[in-house]
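# Chain and residue survey
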Amino acid sequence: MKRWQLKCGVNLWLALGLSGCLSAVAIQRASAQVKLESKENSTLDAVAPSIVGDKVNPSAAFKLSEAEASAALSTSPLTVKQGINQTTQSAVLSTRIDPGANSVNSKPTLTKKIPRVSEIEPPLSSARMLVQSPTPQTIPASKIVQVSFVKANPTNKGLELVLQTSRAATLQLQNRTQVNSNTFIVDIPNAQLRLPPNRVFSFRSQKPIAGITEITVVNFDANTIRVTVIGEAAPPIIELYDSPKEGLIFSVASTASLAQQRQQPQTQPSPTQQPENQTQQTQPRANGDEPIELVVTGQRDGYNSSDASTATKTDTPLRDIPQSIQAIPATVIQDQGAVRLNEIVRNVSGVANAGTAGERGENYTIRGFDANVYKNGFLDDYFTTRGFRDSANIERVEVLKGPASVLFGRLEPSGIINLITKKPLAEPYYNFSFTAGSYSFYRPTLDFSGPLTQDGKLGYRLNIAYENSGSFRDFVNKERFFIAPVLSWKIGDKTNLTLEGEYLHTENSYDDGLYLIGGKIIPNVPISRNLNDPRSQIGIDASQTYLTLNHEFNQNLSLRTAFRVTTASETVNRFALRGFGASDDGTVDLLSVPYNYYFETYFLQNDLTAKFNTGFLKHTLLFGLELGRLYDRRLSNYQSVGSSNVFNPVYNFSYGSYQPLDNTATNTNSFGIYLQDQISVFDNLKLLVGGRFDTYHSERQDFNNDSTTVTDSDAFSPRVGVVYQPTKEISLFANYSRSFVPVSGSSKNGDAFEPTRGTGYEVGIKGNFLNNRLSSTLAFYTVTKTNVLTADPSDPTGTFSIQVGEQRARGIELDIAGEILPGWKVIASYAYTDAQITEDNTYPVGNTLGSIPQHSGSLWTTYTFQKGALEGFGFGGGIFAASEAYGDVSNFNTVPGFVRTDAALFYKKDRLRASVNFKNLFDIRYFEGATTGAVNPAEPFTVQGTISWEF
């Protein structure tokens, strides 16, 4: 085993450079010299690996000039490779800097025989590393190193963390440790943790030795392993070894051993601290302590996310974003057995279900206003997709709250729900899943991924889902097919092209829900009662195609160009019936409203991201352009079909003659340009400043009356935010932001309407606890929507409107997610929402906005056994609750509050995962959202079983 050691005694200062470096190392002294010597102190007359900063350079000569040494020590990525001398066995890199030393001599030593790590006396100085975070690179599949196991061997100095692989010499290490941090972080961007045959795993050890809080080794992404060592009160001391027989070795020294070495270098260190938990035994410690904990779990199986891209369009840690944002990862979706988006977003505070519009789609509100749904940063609302969105290709869901027009253009002041889709993996992955449940629910899915070429430059992912089900509602059946292929082509080291598609076909019955009498739910009518014609049918075909080009000019400058085109068509047959509430005796007058709709959208986005410094300020600058074109064609009619009765329904309808209803075509063009700057003033003080200017032009042709309505509007939408972090666990934030939505039409005087404007203020606190395993957000906000249309009091006909209406929402929100103890996960939320009309001529001031419960919350928790006979077995449960809400701003319809309970059992071993989900466990009667004169009943008690197999 050969060992490389760098001992530096230099005066260091932080040099700020381009591309948002975290830090760089510079030499103030002029006498630094690096020599390569043998153990016998004779200089080698050969080219051998030299240490360049914290990087081993196998092709450098053994002597460096003064200028070369200064430049070398500023290099950031950390790479450990086997040396040229074949008589040696392994290499070690010791990364220690003693700030108090005056010596500038650095002597990496090459030896022919080096003892085990446990026998080595390490230098007694801490490592506060000064590095920058390099831009991630896509690694070909053929170059991905599989680490087959991770183990921790106790030593008399601390412990050895071994990443077992026969290709340790090819591992590339990137140091991500922050200055003045007690956390040591190294990424290995060409490796994955995988047990044979292809099972992913992770390693965690809590309090393994004195002075070390936690050690984790996880798959950070599809081709990167992240090693994290957290020191309790000081930076950890780490040495790296490259052993052909064992793999990559991290030698971690305990606080106790360091203290004794400083006092008595030749004596054995004092006993190390016993770990809190154990699940797999390793080699016994010399002092007889218990073995170190090893937890094997699924890949990226946590409930909390550390970063998100929705809020800033850059990869930013959640704690650095001055705005409320929650991310629901795939693990939560899987554990809850969620198939629909409404089952996913109910885990987020302030999000409410606003009805299904006759089972044609899904509608949501956030903080009192209509929510905007996006997918991969593109608008996914009314013009883009029809029907219920499928979860088969969803990796996670991010919910950004508050006005967000600064990056996304015309939006309600609620925020956005952004769906992030699955991308190709570097290693072959095949998953088949089958779900069956109550009411004849059947759903098989496929998820295949991997490289298509030997060099791994071309990768793919394919998600397919088929669903067929009945319903607890009379005469309601559903069938859908979904396919989502993705191709990713690594054109060069810095250029990647991704082609992604989706196609959804659905056929289901039209269902307006349960009709009301006088705005009240009829207590003695079963929730299965459906007054619709059993022959009613909705057919939807929707497709989406994405083309995304990512190019990195250098580590400071990158460009993302994305283009998306969508088409969607919807057909409702003549048997789909609508009513508008029941009379006192239960009679409902029904209409047949058949229609054909067609939608088409084109969007182009360009985002240029630059990282640079101005003095001591670090900037991440985003400049973006967005072009959009939307087209829709609508043709509908209506027929009278008589009536039915909620107490004694009749299904023998008589259809009258057709009458024209809607015959329109709309063309919309939009353009947006935006600029955003994320400024790091200090390590614990960050600013976010941005603005966007939008122009909007729409032409609506009405073929029934041969008229054209033109809408032109423009708006500037700013956002300003600040984050202050008094400690590394706590972030205090505040923000101000605005939004806009164009309004069609004109006043009685012919003046075009201005866009509605949303203005939001928010303050809050974000916390990361239990060594970042548990995160929380507490926010206080107020959002005001102005320029709302309301009746013109000067118009006796009631035809015209004026823009003096105002609506306001304010409240408190709390979100918590993470892992309390190994295997015990939780996600919870609570929201108090006061959303009401503050100015209006149509509705009374003080009326509550529609579909907004004043109190709502959720709690979901699971526990998975980590060892013993029950290892892999888990169970969980949750409560989802909301107070009563009104169906619309008239406050005529009332939706009662509810408390729903769910439960789950699951088991995972090797490639197999099986689960059973019990939804609405106590079979309560409740409702989700409302339409005019009707409410949407929620499912009663249902059982859903899923079995999946990876191969």
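As the structure is a computational prediction, the values presented were derived from the model and not from experiment.

### Some remarks on the overall build of the protein
Along its length, the protein carries 5 helices and 61 strands. When contacts within the protein are restricted to residue pairs at least 6 apart in sequence, long-range pairs at least 24 apart make up 67% of them. Put simply, the protein shows about 37,800 Å² of open surface, and 56% of that area lies on carbon and sulfur atoms.

### With respect to the pattern of salt bridges
A full pass over the atoms with the stated rule returns 33 salt bridges. Between D607 and K313 there is a salt bridge; the shortest N-O distance is 3.9 Å. Here D607, found in strand β43 (residues 595-614), pairs with K313, found in the loop between β23 (307-308) and β24 (316-317); they are 294 residues apart in sequence, far enough to count as distant. Pair check on accessibility: D607 and K313 agree, each one buried. Bridged by salt links that share partners, the residues R340, D390, R443, E467 and R480 form one connected network.

### Here we look at a nonpolar patch on the surface
There is a patch of nonpolar side chains on the surface, built from F553, L608, F623, L627, F671, I673, L675, F693 and F716 and spanning about 760 Å² of accessible area. For the nonpolar patch, the secondary structure elements donating two or more residues are β44 (617-645) and β45 (659-682). Among the elements that line the nonpolar patch, the one with the most residues is β45, at 3 residues. Looking at where F693 falls in the secondary structure, it is placed in strand β46 (residues 685-702).

### So, the nonpolar core
In a soluble, globular protein the nonpolar side chains are often hidden away together inside. Of all hydrophobic cores here, the largest spans 29 residues; its most connected members are V150, L161, L163, V217, I225 and F250. Beyond its immediate chain neighbours, meaning those up to four positions away, L161 contacts V150, K151, A152, F203, I215, V217, V227, L248, I249 and F250.

### What to know about the sheet that holds strand β28 (residues 369-370)
The strand order β26-β27-β28 describes an open sheet built from 3 strands, whose pairing is antiparallel. Edge positions in the open sheet fall to β26 (351-353) and β28, since each of these has one partner strand only.

### Brief notes about the side chain of N663
Within the secondary structure, N663 sits in strand β45. A polar contact is formed between the side chain of N663 and the side chain of R633, at a distance of 2.8 Å.

### Comments concerning unusual backbone geometry
In terms of backbone geometry, most residues other than glycine have negative phi values and most peptide bonds are trans. One non-glycine residue, D706, lies in positive phi territory at about 50°. As for its placement among the helices and strands, D706 is situated in the loop between β46 and β47 (707-727). Despite not being glycine, D923 has its phi angle at roughly 55°, a positive value. A relative accessible area of 47% places D923 in the partly exposed class.

### Details of the pairing of strand β60 (residues 934-937)
Side chains of β60 alternate between two faces, with A934 and N936 and V935 and P937 buried alike. Inspection of the sheet shows strand β59 (residues 927-931) paired to β60 by 3 bridges, in the antiparallel sense. Of the residues in β60, the one forming a bridge with F927 is P937. Between β59 and β60, which pair antiparallel and follow one another directly, the connecting turn spans 2 residues, one of which, G933, has a positive phi of 80°.

### A look at the sheet that holds strand β16 (residues 191-195)
Strands sit in the order β11-β16-β17 across an open sheet of 3 strands; the sheet is mixed. Where the open sheet ends on each side, the last strands, each with one partner, are β11 (145-147) and β17 (199-200). One ladder, built from 2 bridges, connects β16 with β17; its direction is antiparallel. Bridge assignment links L195 to a residue of β17, and that residue is R199.

### Here we look at the confidence of the model for the protein
Across the protein, the average pLDDT comes to 81, with 79% of residues at or above 70. Overall, residues 1-136 carries pLDDT values under 50, and its contacts beyond four positions in sequence, including any with other chains, amount to 322 contacts. Ignoring residues within four places in sequence, the model shows residues 258-300, a span with pLDDT below 50, making 107 contacts including any to other chains.

### With respect to the environment of S558
Looking at the secondary structure, you find S558 in strand β40 (residues 557-572). Residue classification places S558 among the partly exposed positions, given a relative accessible area of 25%. Between the C-alpha atom of S558 and that of K494, which follows or precedes it by 64 residues, the distance is 9.1 Å. If sequence neighbours within four positions are ignored, S558 has contacts with H551, E552, F553, D607, L608 and T609.

### Comments concerning the environment of P660
Tracing the chain through its elements places P660 in strand β45. The exposed category is assigned to P660, whose relative accessible area is 56%. For P660 and S636, which are 24 residues apart along the polypeptide, the C-alpha to C-alpha distance reads 6.7 Å. In contact with P660, not counting residues within four places along its chain, are S636, N637, Y638 and N704.

### Regarding the side chain of E239
Following the sequence through the fold, E239 ends up in strand β21 (residues 238-243). With relative accessibility at 3%, the residue E239 sits in the buried group. Separated by 3.0 Å, the side chains of E239 and Y241 make a polar contact.

Cut-offs used in this document
Residues numbered from 1 in each chain as written. Predicted model: local features only at pLDDT ≥ 70, side-chain atom pairs only at ≥ 80, totals over all residues. Heavy atoms only, no water. Helix = DSSP H or I, 4+ residues; strand = E, 2+ residues; numbered from the N terminus. Contact = heavy atoms within 4.5 Å. Areas by Shrake-Rupley, 256 points an atom, 1.4 Å probe, with all protein chains shown as cover. Salt bridge = Lys/Arg side-chain N within 4 Å of Asp/Glu carboxyl O. Buried < 20%, exposed > 50% of the residue type's maximum accessible area, 1.4 Å probe, protein only. Patch = residues over 30% accessible without salt bridge, like charges linked within 9 Å, V, L, I, M, F, W, Y side chains within 5 Å. Core = buried A, V, L, I, M, F, W, Y, C linked by side-chain atoms within 4.5 Å. Pairing = 2+ DSSP bridges. Polar contact = N/O pair within 3.5 Å; in protein donor to acceptor, adjacent residues only side chain to side chain. pLDDT = per-residue confidence, 0-100.

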